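Tertiary structure, described
Now for the letters of each chain:
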Amino acid sequence: APARIAVTGLAVMGSNLARNLARHGYRVAVHNRSHARTKALVEEHGHEGDFVPAETLEELVASLQTPRQIIIMVKAGAPTDAVIDELVPLLEPGDMVIDGGNAHYADTRRREARLKEAGLHFVGAGISGGEEGALNGPSIMPGGSPESYKHLGPVLEDIAAKVDGVPCCVHVGPDGAGHFVKMVHNGIEYADMQLIAEAYDLLHRVGGQTPARIAEVFRGWNSGDLESYLVEITAEVLGHVDADTGSALVDVIADEAEQKGTGRWTVQEALELGVPVTGIAEAVFARSLSGRVDQRRAAREALGAAEVTPQPDESLVEDVRRALYASKVVAYAQGFDQMRAAGAEYGWDLDLGAMATIWRGGCIIRARFLDRIREAYDKNPDLPSLLVDEYFRDAVKSAEEAWRRVVVKAVSAGVPAPGFVSALAYYDALRSERLPASLVQGLRDFFGAHTYRRTDREGSFHTLWSGDRSQVDA
Ligand code: NDP
């Protein structure tokens, strides 16, 4: 019998996704550029389901029922284009090519437009959850045509993670929508991790607590509002002792964070769209700063490191918990703003509540909190900001005093907390009656005649700064 679906690219993600499909009873055709991986997959896991190994893409295509569905799981970038180039001449109108890699959404838009001309459906599907998710149920964010989702949706929903019986997979929107949403998911993940790291740093350096004790604190937090995969694994990492030295592993790991680029993409796109995603930006910059080892050494030598004297204080733990929660709400609010702006820009008509729903399971930012986000958008799909939803408004307001205390403590001790500080600044700016942007406009008009608008009447105006300083209509 023909295979139901195919996977090409059988490194860790592709082979786990193929196994997931096979375990769900799909006859799955499998292919990899170097055949050894295909052979290894079938040898090691052939008993898990119904695999159809193919040595070439021709063979792969020939083994499939029509319309064909082929998932590409290769290295993102040029390799994806190489596979598409080889695949397209082998396909027939109506066939579906699914890119499950971490593609940039602009590449996905380009590829979708090109394949559409050939009568093919191109589906850029963001897949989150790493290798473990790919095998046991990822969060899947497919873009592409509604027509392709009719064929593909049932299969993807079947292999996706489930929360309360609801699959963590939904048709996100046309062309690049799925990969865009996946990108923002990763950006939010950066922000979330940065905030967690700052919370740890404050408890450690200001609170004077050991990693083992802080692991307990996080374990406790994981049974409240902060319940999430990232908080859960923070407890695991902080509680882990290095076998070589007997120290906490976190004290032995080099403090230079790396990145693969999706956080940077999120910020680059936010800059283009004019959406302030300060939480994600601070997280990306904090990683960059950590990696500038020579510069950090030079600064330490020239300026000296802040000497932080721990001030053990019973209330610090609860204050940090509240500051973390409030800052996290801000970071998510900003990420959701970015998706809304992109949806409007590209005509995607994104259902933001549905995005929160499919991130509840399978992916790295899965959290109890996402139910609240879904509820907020269910109540009001046009919510101007998550922060104005009743639940989140109360959450940040009730955290506000603690949040300020934590920021003051961090700033006065000299412990950098860019995530907490900038989230609070965003919160204060967003609800300000007046912003000093008025002065910025005045300055722009002074040096560049860029004009300004007035609060009391319509129109654009310019002051004759180098003349008699009277105001003229611009
Ligand atoms: P890699 O990104 O390491 O890519 C290796 C695979 O790509 C191999 O199958 C390799 O084939 C194939 N490949 C590379 N170049 C070419 C080419 N020119 N033509 C054909 N095939 C090529 O694999 P991963 O499994 O780690 O990731 C796959 C995709 O999933 C990537 O886009 C990655 O970004 C994404 N990913 C997503 C994660 C998530 O959590 N969602 C986590 C990790 C990855 P060969 O064996 O012949 O070299």
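So, a few notes on the structure that sits alongside this text. The structure displayed is predicted, hence computed values, not measured ones.

Conventions adopted
- Residues numbered from 1 in each chain as written.
- Predicted model: local features only at pLDDT ≥ 70, side-chain atom pairs only at ≥ 80, totals over all residues.
- Heavy atoms only, no water.
- Near = heavy atom within 4 Å.
- Polar contact = N/O pair within 3.5 Å; in protein donor to acceptor, adjacent residues only side chain to side chain.
- Areas by Shrake-Rupley, 256 points an atom, 1.4 Å probe, with all protein chains shown as cover.
- Helix = DSSP H or I, 4+ residues; strand = E, 2+ residues; numbered from the N terminus.
- Buried < 20%, exposed > 50% of the residue type's maximum accessible area, 1.4 Å probe, protein only.
- Lys, Arg positive; Asp, Glu negative; His and termini not counted.
- Salt bridge = Lys/Arg side-chain N within 4 Å of Asp/Glu carboxyl O.
- Pairing = 2+ DSSP bridges.

Quick look at the site of the ligand now. Taken together, 22 residues lie around the ligand, and Asn32, Ser34, Arg37, Ile127 and Gly130 are the ones closest in. Backbone polar atom of Gly130 to an oxygen atom of the ligand: 2.9 Å apart, as the coordinates give it. Against a free-state accessible area of 890 Å², the protein chains account for coverage of 78% of the ligand. Elements with a contribution of two residues or more to the shell around the ligand: α1 (12-23), α4 (78-87) and β6 (121-128).

Mapping Lys182 onto the fold places it in helix α8 (residues 177-206). No salt bridge is formed by the buried Lys182; its nearest oppositely charged neighbour, Glu189, is found at 6.7 Å.

Two side chains with opposite charge may pair up if their charged atoms get near one another. Taken as a whole and assessed by the stated rule, the structure comprises 33 salt bridges. Notably, a salt bridge pairs Asp255 with Arg296, separated by 2.5 Å at the nearest N-O pair. With a gap of 41 residues between them, Asp255 in the loop between α11 (249-252) and α12 (262-273) and Arg296 in helix α14 (residues 293-303) connect regions that are remote in the sequence. For Arg296, a relative accessible area of 23% gives the class partly exposed. Ionic pairing is found between Arg340 and Asp337, a salt bridge with its closest N-O pair at 3.7 Å. On the criterion of helical spacing, the pair formed by Arg340 and Asp337 is a turn pair, its members being 3 residues apart in helix α15 (residues 316-346). On the accessibility criterion, Arg340 (33% relative accessible area) is partly exposed. In the salt-bridge network here, residues are joined through shared partners; they are Asp81, Asp99, Asp107, Arg110 and Arg111.

Turning our attention to the sheet that holds strand β12 (residues 471-473). Taken together, 3 strands build an open sheet; the order of strands is β10-β11-β12 and the sheet is antiparallel. With partners counted over all chains shown, the strands left at the sheet margins are β10 (452-453) and β12, one partner each. Relative to β12, strand β11 (residues 460-463) is paired through 3 bridges, and the arrangement is antiparallel. Considered in β12, the bridge of His462 is made with Val472.

That's the geometry; what it means functionally is another story.
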